[in-house]
Every structure is written in C-alpha cells, then in structure tokens.
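Here is how the chains run, residue by residue.
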Amino acid sequence: MYTLRPVVLLLPLLAACGKDPVVLTGDAVGSCSYESPFSGEPECMEFFDAEIAAAQEVCDGYAAELMVDEPCAVEAVLGTCTYVSDGIQVRTTVEGDDPSKCGSQRFGCETFARGVWTPAANCDGGDEIVVLEDPFPLPERVCVDPLPGEPEGQSEDGQVCTWQVVSGATEEGRHFSDYADCDIIRRQRPYGAAPANARANEDDPRMDDAAYVAEVDWVRDQLRAGSCDCCHSSAAPNGPAIFDAEFEGNLLNQFNDRGLAMAAGWIPTIGFGTYPPEENNGFERSSPEDPYLSIIPTTDQARMMAIFEDELLYRGRTIEEFVDDVYGAGPLDEQLNYKPEQCSEEEGIDKDGVIRWAPGRARYIYVLEKGTQSPTVPPNLDTPEGTIWRVDLPRDGSPVFSESVVYGEVPEGMVQIYPETGAPAELVPGKEYYLYVTADILYPISRCVFVAGERERGGGCSSVESGPAGAVAGLVLGLALAARRRRLSV
Ligand code: HEC
C-alpha cells in the first residue's frame, strides 16, 4: 500500500488571476471516489489533517469507501476544488476531459464551496464563466382564456393571468400547469424526481376522518395552483419530487420533517422569492417582510401553517428544534447572504469608468452601495435596495466581455433596469462600492468591493471563449455542495 508523506501543498494558480492560494496542511489521511449524485461527474475527495472518522462520515454520505492513506488516482482531470468545511480540509478532484464543463465546475467551487478552483490542463484557459444558450427565463405574466368548462377568469375579458415563474400562482381552483409553461419553470430551478418519505406507504387512520381529508385536499389544490404543480404532480416528466399533489394516500406523509417545517413557516424560505399577494392571484408565501410564513403560496396562510404545524406535532417534532435553521432556501440563501470581499487586481471599475471582472461574460451588471444585500432571483430579490445601476442583457443577446462596458453608459444590446430613467448617480472617488457581475441569474462571475476612482487602466486577465455552461448545472452543483456540507455538519 502506498503511504502518503506529511505534506504542505501550495496550489499553483494562474498568475494574478486567482484568489490567494489555499494552503493544505498536515497529512492526507485518505481519499474516496464516487460519482457526484447531482452533476453525475466522477469525483475523488482527499482529506487533510482530518480524523479518519470524520473523513469516513463524509465518504459514507456518497456511499463511497474511504481508502485510508491512499491518494486520488484520477487520469483525466478537469481541475481541483480546495476548501475547508467544518474544519476539515478537502481537495476534490473533478474527473473529465470535456472543457465545456470547466466554467460550471469553477462556478460551483467558488460560489458554493467558497473554495479555490485550480484548472488542470484540460481546462487551461477554458474556465471562463459564460451562459451562451438558454439563460434563466425572467418572469412573464401570461394571460389566456380559461380551459373549457372552467369558470371565467378574473382579468380583462375573462382571461386568467399567471406569473410564469417559480414564485407565481394562477387563480385559486385551477392548475398552474394549465396556465403557464412548466418547461420554463423547470429551467428556473433544478428538477429531478425524488422519493417520498417512506411513511407515506403506511396506512394512516386519520384518513378515515372526513374533516382531516378535507384539509389534505385543500393543500393539494393550493399546491396545484402554484408552480409546485410543475414538479410536485404528474405534470413532472420524470415523476414528482418527494411529494405529489395527486398522491392517493396522505400527501402530508410524503413530506420529510424539514419539508413540513418549511411548510409550517418554522423555517424561513424567503430565498425562493415571492410576489405580494395582490399581484399573485391572492397567493402569499414567506417573504423578507414576513419570513415565518409557509413556503407554499396560499390564499390562507393561517390555515396552511396550522395544517403543517399539526403534522409536525403529530410526528413529535417541536419548533425549538428548528430555531437555528433559518436558511430554508439553501444555496439561494447562501447567494443572498453572500458578503463580498475586496476586489482582486482584475476586478473593479477603473478611473475612466471601464468595468472589469473575472474570466467570464456577463448578462447582468450591477453597481451597488457597499453593504447591499446580494441580488438573486426575481421578482423581489433581484434589485435590492442600495442598487445604483443595473443593466441586463436580453435573453437572445450575446454576453458581454470584461472591459467592454463603461459605468453609466448602457452598452448596445443591453437594457438599463435601474434607475428606471436617466443616468445613475456618479461614483464618488475614494468611496467603496459593491460590483456584482453575473453570467446569468444565480451565476456570479465577480462579486467584490472596490474603491471608486483609484484604478488606472491596464493589466487584468484575458477572456477566452469556451462552450456553454448551464446555470442550472451550477445550481445543481451548489445543491450537491450544500448537501455535502449538511452531511459534514451532522
Ligand atoms: C422545478 C421543479 C420544482 C418546482 C417548480 C418546485 N419544486 Fe419543490 N422541490 C423540487 C425538488 C427537485 C425537490 C427535492 C430536492 C430539493 O430539496 O431540492 C423539492 C423539494 C421541496 C420541498 C422539501 C420536501 C421535503 O419534505 O423534503 C418542499 C417543501 C418544496 N419542494 C416546496 C415547493 C413548493 C411550495 C413549490 C411551489 C411554490 C415548489 N416546491 C416548486 C423541485 C421543485
């Protein structure tokens, strides 16, 4: 067997273009190889200066065996992601030779693991973050005639109007999938079938109680009016995720405890975004103004929360167990609460207003007051208070290169979203601002603080073309890393 010597590894980085190198200290205690359950890519993880038991626990989460004292043996490498999680130093080697995956791998590493991505030869220069095809579809208000046999709609000419976005809901009593395009919804949030909680297979005597069944049926109807219909019903192409609004038994038994807690409003789920009820056919859910509401958009929050609270109590769970769990939206919350650091050499706004960002091509550019909450999803979290300037690229536009945009001048092909009219406020020399540039919604390239009026032009990193990289793929990677972190913190 091969034994690793004690090592101090300094990860080499692309000159001046990366973050500070991560220093791995101590011994590599072993490794495990597995297929990422989320991205489907083979990966190998090595643990440094960690207890064997702790490393074993992480590997268990992937149903992988910890090979004590053995290093990763990966032939074709895209790159490595190095990060510290719960005090354990981890280096993940991502296997592969398809350079179109480099951008999303770097994104997942930097954005969710807060790690340092080191591209291997297969990704040399190809780790640019760009979304060339099928970017995040922005919400659209779709108005159509009601289905035959259904009552008249409440909008002009008897039409039914629905915001076509994950936080949207159609009129009460109708099915969202009849009034909006679920393919668009499934482009806005990762979808995959997932098994229900096993207790749903058992007989539930409460289902003999008509009053109880009526409440369960009401929950079904409310879910089906929301976008939830697209992934939590038979409208989901590969089957429902965890719970199924059309399940013949007790739908509530399909939920996991944490899912119940989100539906009971015990865990805030503001990160998913919401409309005010008056713009959403009367449906309301957890919002920054009122975080402890249900994740389920509903016309009657009190009724919804009471149903799920009863369910939690029935399972013997108490609200105290969830008080520290305040981030129900996982990776979305991580992005929302991201606190930027100082810009690197290659990022910021030059004296002459030229904006520069890390390797990647932009669809959204924001300049924000320092301390502003990071922008995430529409409709209510994408232009935070403190936004000074925001320009968007329309869906069919070609993403823009670093150094091609001057502050306050709307580039050809882009649209100024904020301010609604006129030029943005001038930047005050010497003052700090927050630059936020993304390849797509939830797909940041640069998020950092710079000092206005300080930088001369020159330097920077070269941008190189690479294949498309899906934001949803990145998000899935994020969910994978979040799940990994959850496992680590068990
Ligand atoms: C595009 C697909 C999609 C849409 C739309 C969607 N979900 Fe989900 N949802 C999922 C997937 C996939 C999971 C399981 C994996 C995960 O947690 O990400 C899930 C999990 C959940 C859970 C956790 C369930 C548990 O018990 O573990 C809750 C609660 C939930 N969704 C609520 C909602 C609500 C409410 C809506 C409608 C506003 C909704 N979802 C819309 C895909 C979707």
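Refer to the structure presented above.
Residues numbered from 1 in each chain as written. Predicted model: local features only at pLDDT ≥ 70, side-chain atom pairs only at ≥ 80, totals over all residues. Heavy atoms only, no water.

Visitor: Looking at this structure, how should I read the coordination of the iron atom of the ligand?
Guide: Each donor-metal-donor angle in an ideal tetrahedron of four donors is 109.5 degrees, and each such angle in an ideal octahedron of six donors is either 90 or 180 degrees. Within the protein, a single donor atom binds the iron atom of the ligand, namely His232 (NE2) at 2.1 Å. Looking at the element boundaries, histidine 232 is found in the loop between α5 (210-225) and α6 (251-254). (Donors = N, O, S within 2.8 Å, 3.2 Å for Na, K, Ca; no water. Helix = DSSP H or I, 4+ residues; strand = E, 2+ residues; numbered from the N terminus.)

Visitor: Whenever I open this one, the packing of α5 against helix α8 (residues 301-314) confuses me. Can you help?
Guide: To characterise two packed helices, one gives the angle between the axes of the helices and the distance between these axes. Direction vectors running N to C along α5 and α8 enclose 120 degrees, while the axes themselves pass 11 Å from each other. When the interaxial angle is binned, α5 and α8 end up oblique. For the element pair α5 and α8, the recorded crossing hand is left-handed. On the side of α5, the interface is formed by Tyr212, Glu215, Trp218, Val219 and Gln222, while α8 contributes Arg303, Met304, Ile307, Phe308 and Glu311. Broken down by class, the residue content of the contact of α5 with α8 amounts to 6 nonpolar, 1 polar and 3 charged. (Axes fitted to C-alpha atoms, helices over the stretch in contact; angles between N-to-C directions. Parallel < 35°, antiparallel > 145°, perpendicular 65-115°, else oblique. Left-handed = near helix turned anticlockwise from the far one by under 90°. Contact = heavy atoms within 4.5 Å. Nonpolar A, V, L, I, M, F, W, Y, C, P; charged D, E, K, R; others polar.)

Visitor: Help me understand unusual backbone geometry, please; the structure alone is not making it clear to me.
Guide: For the bond running from proline 378 to proline 379, omega is 5 degrees, close enough to zero to count as cis. With respect to the helices and strands, the residue proline 379 is situated in the loop between β15 (364-369) and β16 (387-392). The linkage connecting tyrosine 418 with the following residue, proline 419, adopts the cis geometry, with an omega of -5 degrees. For proline 419, the position within the fold is in the loop between β19 (415-418) and β20 (432-440). Unusually for a residue other than glycine, alanine 63 sits at a positive phi of about 50 degrees. The backbone of aspartate 86 sits at a positive phi, close to 50 degrees, despite the residue not being glycine.

Visitor: Just to check I follow, could you spell out helix α1 (residues 52-60) for this structure?
Guide: Residue pairs three or four apart in sequence face the same way in an α-helix, which turns once every 3.6 residues. Those residues of α1 not exposed but buried are Ala55, Val58 and Cys59. Down the axis of α1, the buried set is contained in an arc of 100 degrees. They therefore lie on one face. (Buried < 20%, exposed > 50% of the residue type's maximum accessible area, 1.4 Å probe, protein only. Arc of directions from axis to C-beta.)

Visitor: Help me out: how do you make sense of the side chain of arginine 363 in this one?
Guide: Among the secondary structure elements, arginine 363 is positioned in the loop between β14 (361-362) and β15. It turns out arginine 363 is buried and unbridged, and the closest side chain with the opposite charge, aspartate 440, is 5.3 Å from it. In terms of polar contacts, arginine 363 uses its side chain to reach the backbone carbonyl oxygen of arginine 395, at 3.3 Å. (Lys, Arg positive; Asp, Glu negative; His and termini not counted. Salt bridge = Lys/Arg side-chain N within 4 Å of Asp/Glu carboxyl O. Polar contact = N/O pair within 3.5 Å; in protein donor to acceptor, adjacent residues only side chain to side chain.)

Visitor: What is the right way to read the packing of aromatic side chains from this model?
Guide: Counting across every chain of the model gives 10 aromatic pairs. When the centroid spacing of 5.2 Å and the interplanar angle of 65 degrees are considered together, the rings of phenylalanine 255 and phenylalanine 308 count as edge-to-face. One end of the pair, phenylalanine 255, is in the loop between α6 and α7 (257-263); the other, phenylalanine 308, is in helix α8, and 53 residues separate them in sequence. The exposure classification of phenylalanine 255 matches that of phenylalanine 308, with both residues buried. Look at tryptophan 266 and phenylalanine 322: their rings are 5.8 Å apart centre to centre, the planes differ by 50 degrees, and that puts the pair in the tilted class. (Phe/Tyr/Trp six-rings, centres within 6.5 Å; stacked < 30°, edge-to-face > 60°.)

Visitor: How do you make sense of empty space enclosed by the protein when you look at a structure like this?
Guide: To locate leftover empty space, one rolls a probe as large as a water molecule over the atoms. One pass over the full model with this rule turns up 4 cavities of 30 Å³ or more. In this structure, the second largest cavity occupies an estimated 60 Å³ of space. If you trace the second largest cavity, you find it lined by Tyr364, Tyr366, Pro375, Thr376, Asp382, Tyr436, Thr438, Asp440, Ile441 and Leu442. Among the secondary structure elements, those contributing two or more residues to the lining of the second largest cavity are β15 and β20. (1 Å grid on protein atoms, 1.4 Å probe; cavity = no way out; pocket = protein on both sides within 12 Å on 5 of 7 lines; lining within 4 Å. Points joined across faces, edges and corners; volume = space filled by probe spheres on them.)

Visitor: Looking at this model, I keep getting lost on α5. Mind explaining?
Guide: Taking 1.5 Å per residue, 16 residues should reach 22 Å; α5 reaches 23 Å between its end C-alpha atoms and fits that length. On its buried face, α5 sits against α3 (176-179), α6 and α8. (Expected span 1.5 Å × (residues − 1).)

Visitor: I keep staring at the site of the ligand and nothing clicks. Help me out?
Guide: In the vicinity of the ligand, 22 residues are found, and the nearest of them are Arg189, Cys228, Cys231, His232 and Asn256. Note that a nitrogen atom of the ligand is positioned 2.9 Å from one of the side-chain N or O atoms of histidine 232. Asparagine 256 places a main-chain nitrogen or oxygen 2.7 Å from an oxygen atom of the ligand. Breaking the shell around the ligand down by element, the ones donating at least two residues are α4 (182-188) and α7. For the shell around the ligand, the class distribution of residues is 14 nonpolar, 5 polar and 3 charged. (Near = heavy atom within 4 Å.)

Visitor: Explain the environment of phenylalanine 112 to me, please; I cannot follow it from the model alone.
Guide: Tracing the backbone shows phenylalanine 112 in the loop between α2 (102-111) and β8 (116-119). By relative accessible area, which is 1% here, phenylalanine 112 ends up buried. Spatially, the C-alpha atom of phenylalanine 112 lies 9.8 Å from that of leucine 332, the residues being 220 residues apart in sequence.

Visitor: How do you make sense of a nonpolar patch on the surface when you look at a structure like this?
Guide: Together, Val415, Ile417 and Tyr418 line one region of the surface with nonpolar side chains, adding up to about 230 Å² of accessible area. One can find isoleucine 417 in strand β19. Residue classification places isoleucine 417 among the partly exposed positions, given a relative accessible area of 32%. (Patch = residues over 30% accessible without salt bridge, like charges linked within 9 Å, V, L, I, M, F, W, Y side chains within 5 Å. Areas by Shrake-Rupley, 256 points an atom, 1.4 Å probe, with all protein chains shown as cover.)

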